[in-house]
There are 4 protein chains.
Amino acid sequence: MTTLAIGVIGCGYWGPNLIRNFALNEKVKVKYVCDISRDRMDLITRTYPTIKGIDDYHEVLQDKEIDAVAIATPVGSHFEIGHQALLHGKHVLMEKPMASSSKEADQLVNLAQSKGLVLMVDHVFVYTGAVRKIKELVRAGEIGDLLYYDGVRINLGQFQRDVNVIWDLAPHDFSIMGFVLDRFPKSVHALGSSHVKAGMENTAYVTCRFSGSLMAHFHFNWLSPVKIRRTLIGGTKKMIIYDDLDPVEKVKVYDRGVDLSPDPQEIHKTLISYRTGDVWAPVIDMTEGLKRVCDDFLDSILMKKAPLSDGIAGYRVVRMLEAAQESLISGDFVDIPE
Amino acid sequence: MTTLAIGVIGCGYWGPNLIRNFALNEKVKVKYVCDISRDRMDLITRTYPTIKGIDDYHEVLQDKEIDAVAIATPVGSHFEIGHQALLHGKHVLMEKPMASSSKEADQLVNLAQSKGLVLMVDHVFVYTGAVRKIKELVRAGEIGDLLYYDGVRINLGQFQRDVNVIWDLAPHDFSIMGFVLDRFPKSVHALGSSHVKAGMENTAYVTCRFSGSLMAHFHFNWLSPVKIRRTLIGGTKKMIIYDDLDPVEKVKVYDRGVDLSPDPQEIHKTLISYRTGDVWAPVIDMTEGLKRVCDDFLDSILMKKAPLSDGIAGYRVVRMLEAAQESLISGDFVDIPE
Amino acid sequence: MTTLAIGVIGCGYWGPNLIRNFALNEKVKVKYVCDISRDRMDLITRTYPTIKGIDDYHEVLQDKEIDAVAIATPVGSHFEIGHQALLHGKHVLMEKPMASSSKEADQLVNLAQSKGLVLMVDHVFVYTGAVRKIKELVRAGEIGDLLYYDGVRINLGQFQRDVNVIWDLAPHDFSIMGFVLDRFPKSVHALGSSHVKAGMENTAYVTCRFSGSLMAHFHFNWLSPVKIRRTLIGGTKKMIIYDDLDPVEKVKVYDRGVDLSPDPQEIHKTLISYRTGDVWAPVIDMTEGLKRVCDDFLDSILMKKAPLSDGIAGYRVVRMLEAAQESLISGDFVDIPE
Amino acid sequence: MTTLAIGVIGCGYWGPNLIRNFALNEKVKVKYVCDISRDRMDLITRTYPTIKGIDDYHEVLQDKEIDAVAIATPVGSHFEIGHQALLHGKHVLMEKPMASSSKEADQLVNLAQSKGLVLMVDHVFVYTGAVRKIKELVRAGEIGDLLYYDGVRINLGQFQRDVNVIWDLAPHDFSIMGFVLDRFPKSVHALGSSHVKAGMENTAYVTCRFSGSLMAHFHFNWLSPVKIRRTLIGGTKKMIIYDDLDPVEKVKVYDRGVDLSPDPQEIHKTLISYRTGDVWAPVIDMTEGLKRVCDDFLDSILMKKAPLSDGIAGYRVVRMLEAAQESLISGDFVDIPE
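(A) Layout of the overall build of chain A. When you go through chain A residue by residue, the secondary structure sums to 9 helices and 15 strands. Its C-alpha radius of gyration of 22 Å places chain A within 12% of the 20 Å reference for a compact globule of 338 residues. C-alpha atoms of chain A, sized along the principal axes, occupy 80 × 45 × 40 Å. The buried share among the 338 residues of chain A stands at 52%. Look at the contacts in chain A between residues 6 or more apart in sequence, and 66% of them connect residues 24 or more apart.

Set out below in structure tokens:
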């Protein structure tokens with residue numbers, strides 16, 4: 001079996017998780033970890049003495065042995081590093097959001113395509129057993145027609161230095177929703193407040209309109225005293241609650257809803273009745289999502305296939321973030337052309 | 001002790017609760033129950049044979065022995081019945097929302113005032129131990145400056161025939177917020193969806209802007225598979241979670257938040273640090289809120305005092321509902337002049 | 001339809017609930033409430049002016065119009081009042097436990113039988129949707145062979161004046177277990193502590209051995225800071241958790257367990273593997289159990305049938321309580337002859 | 001600073017955690033990992049290429065550079081390996097339970113003492129922030145006099161091959177209780193069932209009697225569909241609930257209980273009243289317990305001090321396990337002489 005060589009650029013919060021997963025994967029050898037902080041690198045190289053710590057990522061890109069890089073730096077540098085990496089012929093796994101603007105994201109997608117390289121975005125939740133189970137249920141029509149999608153992702157900090165709470169937390173929900181619904185919103189609306197640092201929203205509510213009556217809404221907050229990560233998905237047949245913090249019953253399917261029937265007594269009226277049936281929590285594959293991310297990235301390179309979470313998926317998330325940001329300022333719904 | 005005589009008009013969902021509480025109260029005698037449904041009245045008179053069931057509320061108003069009426073009919077009839085009752089010199093306890101428009105609410109307030117009658121609105125949550133405890137904490141400055149207020153009130157049905165989900169559920173939250181914060185929003189914004197009956201929103205998100213950076217947001221939903229009634233109140237010192245469905249720890253106070261301090265190394269920067277301290281659930285008086293509502297109404301009549309939840313409080317709630325309704329249509333924030 | 005006449009003897013904690021349910025039942029008319037406390041009776045007669053309050057229960061028994069009595073007095077008086085009632089030809093609904101000794105319980109059962117009267121014990125949980133659902137699952141073989149039964153019923157007070165925590169709380173669990181398993185233990189063991197009043201256990205652990213490897217165990221406690229009412233039922237196929245305090249998912253069925261298979265490599269060994277499948281919470285009929293108790297009692301009289309929770313069921317519970325009490329003193333397992 | 005050299009013997013379930021913690025600790029260098037399974041060792045040496053994997057532990061003991069060993073093999077081999085290690089002059093960190101009999105445990109304690117070596121048992125919960133906080137509260141008298149101690153530790157598997165559920169799970173609770181109460185039981189009682197493998201209990205209830213009215217009780221179960229790790233500690237002043245699975249509020253202190261006062265009306269009677277006050281969840285230090293275990297072991301060697309969880313503590317746990325095992329067979333309480 002070919003063994004690929006990878007360099008991980010950025011080892012702050014998420015980089016060490018990438019390294020841990022790549023280190024346990026037999027398809028790849030982690031050759032470099034790159035960071036501007038010597039302390040952070042030392043923590044890695046102490047545990048993994050075979051990984052070389054360097055502070056200039058260009059060195060990684062110039063190494064001909066390197067097949068791929070994983071980029072886990074702050075958002076502001078994603079485009080520049082990703083662009084350089086693709087130009088040097090490296091396959092790229094990019095942290096989310098993949099770029100600071102949809103224009104940049106688009107450029108990366110085109111560059112990767114023209115050079116025949118894998119460009120993948122680490123939408124890690126899309127690779128978890130819980131989200132895959134929900135996708136499976138929605139696709140099989142178990143839920144019926146979708147009515148609403150309501151996500152809450154709140155906790156206390158970490159305040160990011162360079163992006164607001166939407167750019168920090170929404171990529172998770174936008175990527176999950178895109179994957180599960182396989183639909184893209186027509187317009188996006190956002191409201192926010194900055195309590196800590198002017199112009200840097202720490203609390204925000206984002207609403208998406210789709211064609212039809214489907215509406216999605218999200219609550220993002222860095223100032224909540226408790227951690228909540230819960231999504232409600234309402235359908236005409238059934239409803240789903242996805243609670244990512246429940247250690248066992250992450251996905252619950254409720255046979256509950258409203259049934260409409262013509263009123264036998266008054267022709268033009270409709271009778272509303274409630275359906276309260278069983279609750280079902282399907283068993284969830286608990287494999288770490290990031291393990292699957294790393295696998296999909298390496299397999300995509302080795303088998304020359306497109307990853308599940310490809311550059312297009314990453315572009316769409318950035319496009320929605322951009323629209324939300326625009327709405328934060330204008331106060332209006334911002335249309336997203338198809 | 002004077003014993004008052006009361007008639008309860010409307011005994012659908014809430015009326016029987018009013019009757020049960022008045023029946024146990026020694027300051028009052030329930031003389032009439034009035035409803036257009038004979039079945040509903042029979043259920044009452046079977047249990048309380050001394051209460052007379054009638055189907056025309058005018059009969060109650062014309063009875064000189066009657067001091068007061070409690071009106072628990074559908075919203076659309078509140079104004080008409082309340083207006084008539086005040087004209088007949090009866091003290092009025094009104095279900096929420098007190099009227100279908102702020103103009104009507106204003107008229108009722110003025111009429112009651114000019115006739116020297118008690119006009120009270122049954123904002124029942126304002127009388128619960130949990131909400132009183134929160135008010136006490138906020139007023140004492142325990143929470144610090146208020147940053148955000150986030151309420152979720154969702155469940156499966158009951159779909160109302162004559163009002164949408166905002167008019168049905170928001171009076172609870174608007175009255176609680178008004179009482180706790182003692183502040184009134186500058187503008188209101190609402191988004192909603194109608195999945196069941198065109199033009200009758202069953203899912204809605206309402207946002208209130210206040211002077212300063214305080215923002216309030218609410219999620220109302222009749223189509224949720226689970227029942228949630230939870231409010232987060234974030235302050236600079238502490239944060240509160242009010243979970244009305246927790247049988248014991250309804251109010252939790254979190255010594256958590258963000259502290260800002262000047263960066264000693266870089267003058268123009270600010271250091272952000274997290275504070276994660278104890279959680280405290282104060283003991284809550286579990287007296288039924290409605291018992292206190294009935295007491296306050298009767299005491300206000302007997303002692304010629306203003307009730308805690310008076311007509312003005314009721315007017316304000318209607319004013320906010322009206323603004324939300326307007327925003328649902330226009331899509332814009334609707335200002336509320338002071 | 002014949003309308004029966006009933007007298008309710010004892011209206012402390014539970015009596016008012018009996019009266020409320022009988023008052024709403026069209027098959028019966030509550031003629032008397034009897035208690036030695038005038039205050040307690042006044043609370044009743046104020047709400048139900050057609051019920052006559054008296055302080056001597058003999059008066060009830062001598063009234064020829066009275067068909068039946070419900071006895072909700074302290075345990076110590078159950079036998080005497082029940083005995084007198086049966087002698088006077090009244091059908092009897094008895095609070096649990098039905099008597100202070102199995103000898104007394106046996107006497108009541110025989111007397112009722114010889115006089116052709118209904119003798120029923122108010123094992124109210126047996127009539128709830130949750131327990132009926134569990135019974136249905138167990139009987140249908142969904143759970144497989146039963147391995148263990150573990151019940152916890154703890155809270156803060158009410159300390160009873162005349163019985164210990166086992167006599168107070170165990171009748172619930174013993175009656176549920178008897179109904180669900182349809183098996184009776186071979187021997188009973190109990191350990192307890194008295195922290196408040198010497199000789200009056202407020203904390204106790206009771207263990208029951210059945211034929212085969214089935215073991216049941218209960219934790220009863222009046223001194224717990226929190227209220228827990230949870231039963232685990234382990235079977236070879238599935239497992240059940242019954243949490244009476246969960247407002248919605250009272251019964252959960254877990255497709256979890258251990259599978260044994262012969263080890264293909266070593267003939268005499270067995271391989272153990274874990275099965276972690278779906279969790280399923282069937283919809284539960286939420287009708288108040290006591291409503292069904294009253295119905296079953298009245299139907300048993302009217303249709304001359306045996307109630308679900310008859311005197312024999314009541315006797316068995318007392319027999320187990322007696323054995324537990326004996327074990328508390330001796331420290332040994334106490335056998336219960338068939 | 002002196003850097004110690006350690007070998008980890010046994011790397012099945014727990015060994016890798018020891019290695020991970022020692023690897024991050026600057027006071028020590030992990031020189032060997034020793035296991036009979038080549039696969040398990042490969043997993044380690046792949047991540048930590050500087051650690052040498054060997055299959056014979058004697059090699060570790062004969063290496064003069066080695067100061068200490070950590071023994072994480074199955075229980076049956078603890079004594080033999082520990083004994084050999086001490087004879088070779090190595091400091092020993094032993095997994096719990098430290099031996100299969102109190103006689104063996106006693107021998108290890110004496111041997112370590114006579115040779116001036118550190119003998120420590122990895123009672124890891126004793127080193128967690130939650131248990132330390134409870135200890136602090138109990139010691140400070142916040143709880144008052146102790147009334148009862150009730151522990152539940154149940155989940156689905158892992159079935160151990162060589163010990164029953166008491167020997168597997170009780171060491172956690174016995175060590176926590178010993179640390180928190182600083183008292184040792186007078187006698188131990190145990191009941192159990194073997195559903196899977198004859199003679200190997202997978203469900204057990206253990207009761208401990210102390211001097212006075214304090215009683216402790218534990219439920220251990222490998223066949224529970226859900227994981228519960230909860231301890232109730234009742235005192236005359238306050239009560240504690242320790243829920244190890246709660247991610248945040250692991251320790252809750254309830255200002256609840258029963259107050260006794262003389263009855264002013266009847267001299268020989270006592271009035272019982274309930275106290276329901278606030279609930280308080282103190283902030284808990286979330287440092288990994290095992291990190292502190294490793295630190296304490298290394299510090300004990302370096303500073304020639306006794307560790308918190310020394311051989312005596314380990315001996316006591318084994319003594320209780322032994323008594324429980326004896327009771328399982330005899331059915332009686334087994335006394336533990338002081």
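(B) Quick look at the environment of Ile241 of chain B. Summarising the element assignment, Ile241 of chain B is placed in strand 12 (residues 239-243). On the basis of neighbour count, Ile241 of chain B is assigned to the buried category, with 22 C-beta atoms found within 10 Å. A sequence separation of 10 residues divides Ile241 of chain B from Thr231 of chain B, and the C-alpha atoms of the two residues are 5.7 Å apart. Residue contacts for Ile241 of chain B: discarding those within four places in its chain leaves Pro225 and Val226 of chain A together with Arg230, Leu232 and Lys252 of chain B.

(C) Quick look at the interface of chain C and chain D. Between chain C and chain D, the contact holds 34 residues from the first and 34 residues from the second. Mapped by element, the contributors of at least two residues to the side of chain C that touches chain D are strand 7 (146-156), strand 8 (187-193), strand 9 (203-209), strand 10 (215-221), strand 11 (223-235), strand 12 (239-243), strand 13 (251-262) and strand 14 (270-281) of chain C. Element by element, the count of residues in the side of chain C that touches chain D is highest for strand 11 of chain C, at 6 residues. Looking at side-chain class alone, the side of chain C that touches chain D contains 19 nonpolar, 12 polar and 3 charged residues.

(D) Expanded view of the sheet that holds strand 2 (residues 28-34) of chain C. Residues and elements named next belong to chain C. Strands sit in the order 3-2-1-4-5-6 across an open sheet of 6 strands; the sheet is parallel. In this open sheet, the two strands that pair with only one neighbour each are strand 3 (52-54) and strand 6 (119-121). The mean angle between the axes of side-by-side strands here comes to 20 degrees, regardless of whether they run parallel or antiparallel. As judged from the 3 bridges shared by strand 2 and strand 3, these two strands associate in the parallel manner. Each residue of the ladder has a partner; that of Tyr32, found in strand 3, is Lys52.

(E) Structural context of the relation of the copies chain C and chain D. Least-squares fitting of chain C to chain D yields an RMSD of 0.0 Å, with the transformation described by 0.0 Å of translation along the axis and a rotation of 180 degrees. The superposition operator between the copies reduces to a two-fold rotation axis. The rotation axis passes nearest to the C-alpha of Asp332 of chain C in chain C, at a distance of 3.8 Å.

(F) Representation of the domain arrangement of chain A in the model. By the assigned domains, chain A splits into domain 1 (4-123 + 289-309) and domain 2 (126-287 + 320-335). Measuring from the centre of the C-alpha atoms in domain 1 of chain A to the corresponding centre in domain 2 of chain A gives 30 Å.

(G) Summary view of the packing of helix 6 (residues 129-139) of chain A against helix 7 (residues 165-181) of chain A. Where helix 6 of chain A meets helix 7 of chain A, the closest approach of the two axes is 8 Å, and the angle between their N-to-C directions is 35 degrees. Every residue of helix 7 of chain A that contacts helix 6 of chain A at Val131, Ile134, Lys135 and Val138 of chain A is listed here: Ile176, Phe179, Val180 and Leu181 of chain A.

(H) Fine view of the sheet that holds strand 2 (residues 28-34) of chain A. Residues and elements named next belong to chain A. One open sheet holds the 6 strands; their spatial order is 3-2-1-4-5-6, and the pairing between them is parallel. Either end of the sheet is taken by a strand with one partner, and the two such strands are strand 3 (52-54) and strand 6 (119-121). Strand-to-strand twist across the sheet, computed as the mean angle between neighbouring axes with direction ignored, equals 20 degrees. Here 4 bridges tie strand 1 (residues 4-9) to strand 4 (residues 68-71), and the two strands are oriented parallel to one another. Residue pairing across strands places Val8 opposite Ala70, the latter belonging to strand 4. Along the sheet, helix 1 (residues 15-23) makes contact with strand 1, strand 2 and strand 4, crossing strand 2 at roughly 155 degrees.

(I) Seen up close, the pairing of strand 12 of chain B. All names here are of chain B. With 4 of 5 residues buried, strand 12 lies mostly within the body of the structure. As paired elements, strand 11 (residues 223-235) and strand 12 share 5 bridges and run antiparallel to each other. What sits directly across from Gly234, in strand 12, is Met239. Counting the residues that bridge the hairpin from strand 11 to strand 12 gives 3 residues. Inspection of the sheet shows strand 12 paired to strand 13 (residues 251-262) by 4 bridges, in the antiparallel sense. Counterpart to Ile240 in the pairing with strand 13 is Val253.

(J) Just helix 5 (residues 102-115) of chain A, in detail. All names here are of chain A. For helix 5, built from 14 residues, the straight-helix expectation of 20 Å at 1.5 Å per residue is met to within 8% by its first-to-last C-alpha distance of 20 Å. Every buried residue of helix 5 is listed here: Ser102, Ala105, Leu108 and Ala112. On an axial view of helix 5, the arc spanned by its buried residues comes to 120 degrees, and they lie on one face. Residues of helix 5 that are buried in the fold lie against helix 4 (78-87), strand 6 and helix 9 (311-330). Once helix 5 ends, the next one or two residues include Gly116, with phi positive near 65 degrees.

(K) Quick peek at helix 8 (residues 289-303) of chain C. Residue and element names in this part refer to chain C. Compared with the 21 Å implied by 1.5 Å per residue over 15 residues, the 20 Å span of helix 8 between its first and last C-alpha is a close match. Buried residues in helix 8 make contact with strand 1 (4-9), helix 1 (15-23), strand 2, strand 4 (68-71), strand 5 (91-94) and strand 6. After helix 8 finishes, the residue Lys304 shows a positive phi value of roughly 50 degrees.

(L) Fine view of the packing of helix 7 (residues 165-181) of chain B against helix 9 (residues 311-330) of chain B. All names here are of chain B. Between helix 7 and helix 9, the shortest axis-to-axis distance is 9 Å and the interhelical angle comes to 130 degrees. The angle between helix 7 and helix 9 places the two elements in the oblique class. For the element pair helix 7 and helix 9, the recorded crossing hand is right-handed. Counting all contacts with helix 7, which are made through Ile166, Trp167, Ala170, Pro171, Phe174, Ser175 and Gly178, the residues of helix 9 involved are Ala313, Arg316, Val317, Met320, Leu321, Ala324 and Gln325.

(M) Examining the interface of chain B and chain A more closely. Listed by partner, the interface residues are 33 residues for chain B and 33 residues for chain A. Taken together, the elements giving at least two residues each to the side of chain B that touches chain A come down to strand 7 (146-156), strand 8 (187-193), strand 9 (203-209), strand 10 (215-221), strand 11, strand 12, strand 13 and strand 14 (270-281) of chain B. Sort the elements by how many residues they give to the side of chain B that touches chain A and strand 11 of chain B lands first, with 6 residues. Residue composition of the side of chain B that touches chain A, by class: 19 nonpolar, 12 polar and 2 charged.

(N) Local environment of unusual backbone geometry. Cis geometry marks the peptide bond from Lys96 of chain A to Pro97 of chain A; its omega dihedral reads -10 degrees. Tracing the chain through its elements places Pro97 of chain A in the loop between strand 5 (91-94) and helix 5. Within the chain, Lys304 of chain B stands out as a residue other than glycine whose phi angle is a positive 50 degrees. Relative to the assigned elements, Lys304 of chain B resides in the loop between helix 8 (289-303) and helix 9. Of note in the backbone geometry, Asp182 of chain C takes a positive phi value of approximately 60 degrees without being a glycine. Mapped onto the fold, Asp182 of chain C is located in the loop between helix 7 (165-181) and strand 8.

(O) Fine view of the pairing of strand 14 (residues 270-281) of chain D. Pairing geometry for strand 14 of chain B and strand 14 of chain D, over 3 bridges, is antiparallel. Directly across from Ala281 of chain B, in strand 14 of chain D, lies its bridge partner Val279 of chain D.

(P) The arrangement of the confidence of the model for chain A in detail. Looking at chain A as a whole, its pLDDT mean stands at 94, while 99% of the residues score no less than 70. For this predicted complex, the interface confidence reaches an ipTM of 0.93, while the overall pTM sits at 0.94.

(Q) Up close: the environment of Val60 of chain D. Residue and element names in this part refer to chain D. Among the structural elements, Val60 can be located in helix 3 (residues 57-62). C-alpha separation for the pair Val60 and Arg132, spaced 72 residues apart in sequence, amounts to 34 Å. Sequence-distant contacts of Val60, defined by excluding residues within four places in its chain, comprise Gly7, Ile9, Tyr32, Cys34, Ile54, Ile66 and Val69.

(R) The arrangement of the environment of Trp280 of chain C in detail. Topologically, Trp280 of chain C is positioned in strand 14. A tally of 17 C-beta atoms within 10 Å means that Trp280 of chain C is categorised as partly exposed. Along the chain, Trp280 of chain C and Ile240 of chain C lie 40 residues apart, while their C-alpha atoms are 9.6 Å from each other. Beyond its immediate stretch of four places on either side in the chain, Trp280 of chain C contacts Asp278 and Trp280 of chain A together with Val253 of chain C.

Cut-offs and rules
- Residues numbered from 1 in each chain as written.
- Chains lettered and ligands numbered in written order.
- Predicted model: local features only at pLDDT ≥ 70, side-chain atom pairs only at ≥ 80, totals over all residues.
- Helix = DSSP H or I, 4+ residues; strand = E, 2+ residues; numbered from the N terminus.
- Rg over C-alpha atoms; globule rule 2.2 N^0.38 Å.
- Buried ≥ 20, exposed ≤ 12 C-beta atoms within 10 Å, placed from the backbone.
- Contact = placed C-beta atoms within 7 Å.
- Nonpolar A, V, L, I, M, F, W, Y, C, P; charged D, E, K, R; others polar.
- Pairing = 2+ DSSP bridges.
- Axes fitted to C-alpha atoms, helices over the stretch in contact; angles between N-to-C directions.
- Least-squares fit on C-alpha atoms with pLDDT ≥ 70 in both.
- Domains from an automatic or database assignment.
- Expected span 1.5 Å × (residues − 1).
- Arc of directions from axis to C-beta.
- Parallel < 35°, antiparallel > 145°, perpendicular 65-115°, else oblique.
- Left-handed = near helix turned anticlockwise from the far one by under 90°.
- pLDDT = per-residue confidence, 0-100.

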